[in-house]
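# Close look at the chain arrangement
Here's the letter readout for the chains.
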Amino acid sequence: DAGVIQSPRHEVTEMGQEVTLRCKPISGHDYLFWYRQTMMRGLELLIYFNNNVPIDDSGMPEDRFSAKMPNASFSTLKIQPSEPRDSAVYFCASRDQIREYFGPGTRLTVL
Amino acid sequence: DQQVKQNSPSLSVQEGRISILNCDYTNSMFDYFLWYKKYPAEGPTFLISISSIKDKNEDGRFTVFLNKSAKHLSLHIVPSQPGDSAVYFCAASGGYGGATNKLIFGTGTLLAVQP
């Protein structure tokens, strides 16, 4: 298995633009998680899905953030409009019965 | 409010010596704890875990200790190797409602093992 796949690996955009991050979880994993890593707050859970259904989105910082999982093999995290304070590394992770497996992350820079 | 705290942002250790990384938590409902290791430009990878029914778990050079009364856990690496240089994240999950399904992470500790 290729592991969790995220795209793009790097994204540079200007304030006000829409940003879409993509994730393909490991096949057979029922849970999918979106995290954001910053120096100040470490790894923050933004939202997670179980069987494609959003379960807990209490970590989503604002209405500018939205996430979808239209099927078991694909999820998106969208920021619209983006702001400089959204600059961070965004990780997607999927989980089997035991633990979470992380993708390589998307480094987002909002100028 | 940080429920999982790693108060040391960085740690430097000589090769061959012991590395001790610490983690404190505030929520007494947490019942499962994990350590993840992260190299630059990669996602975190699972290292070792411990259930609250234990106070120690060992896997090769890595040992995690849990002190429930102090709400404290630590990761010991013996002997430390240069390849252990990475950011280490402590994480916890709790047995209340849906929270069993999500991990709360600390801010990480950057370990540098000097040759």
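Above: the structure in question.
Residues numbered from 1 in each chain as written. Chains lettered and ligands numbered in written order. Predicted model: local features only at pLDDT ≥ 70, side-chain atom pairs only at ≥ 80, totals over all residues. Heavy atoms only, no water.

### Some words on the sheet that holds strand E3 (residues 19-24) of chain A
Consider a sheet: its strands pair through backbone hydrogen bonds, and that pairing is either parallel or antiparallel. Residue and element names in this part refer to chain A. Under the convention used in this document: In this scheme, strands are said to pair when DSSP sees at least two bridges between them. Elements are defined by DSSP. Helices are runs of H or I of four residues or more, strands are runs of E of two residues or more, and each kind is numbered from the N terminus. Only the contacting stretch of a helix is used when fitting its axis, a line to C-alpha atoms as for every element, and angles between N-to-C directions run 0 to 180 degrees.
One open sheet accounts for four strands, arranged E1-E3-E8-E7; its pairing is antiparallel. Unpaired on one side and paired on the other, strand E1 (5-7) and strand E7 (65-71) mark the two borders of the sheet. Mean inter-strand twist for the sheet, computed between neighbouring axes without regard to direction, equals 15°. Pairing analysis gives five bridges linking E3 to strand E8 (residues 74-79), with the strands arranged antiparallel. Looking across to E8, one finds that Thr20 is bridged to Lys78.

### Examining the pattern of salt bridges
For clarity, the threshold we go by: We count a salt bridge whenever a side-chain nitrogen from Lys or Arg sits within 4 Å of a carboxyl oxygen from Asp or Glu. Here the term buried applies to any residue with accessible area under 20% of the maximum for its type, exposed to any over 50%, and partly exposed to those in between, with areas from a 1.4 Å probe on protein chains only.
If you walk through the whole model with that rule in mind, you get eleven salt bridges over all chains. Between Glu18 of chain A and Lys78 of chain A there is a salt bridge, with its nearest N and O atoms 3.8 Å apart. In this pair, Glu18 of chain A is assigned in the loop between strand E2 (10-13) and E3 and Lys78 of chain A in strand E8, connecting sequence segments 60 residues apart. Here Lys78 of chain A falls in the partly exposed class, since its relative accessible area comes to 28%. Asp56 of chain A serves as the salt-bridge partner of Lys102 of chain B, at 2.6 Å between the closest nitrogen and oxygen. Of this pair, Lys102 of chain B sits in the loop between strand E9 (86-94) and strand E10 (104-105) while Asp56 of chain A is found in strand E6 (residues 53-56), placing the two residues in two different chains. With a relative accessible area of 18%, Lys102 of chain B lands in the buried category.

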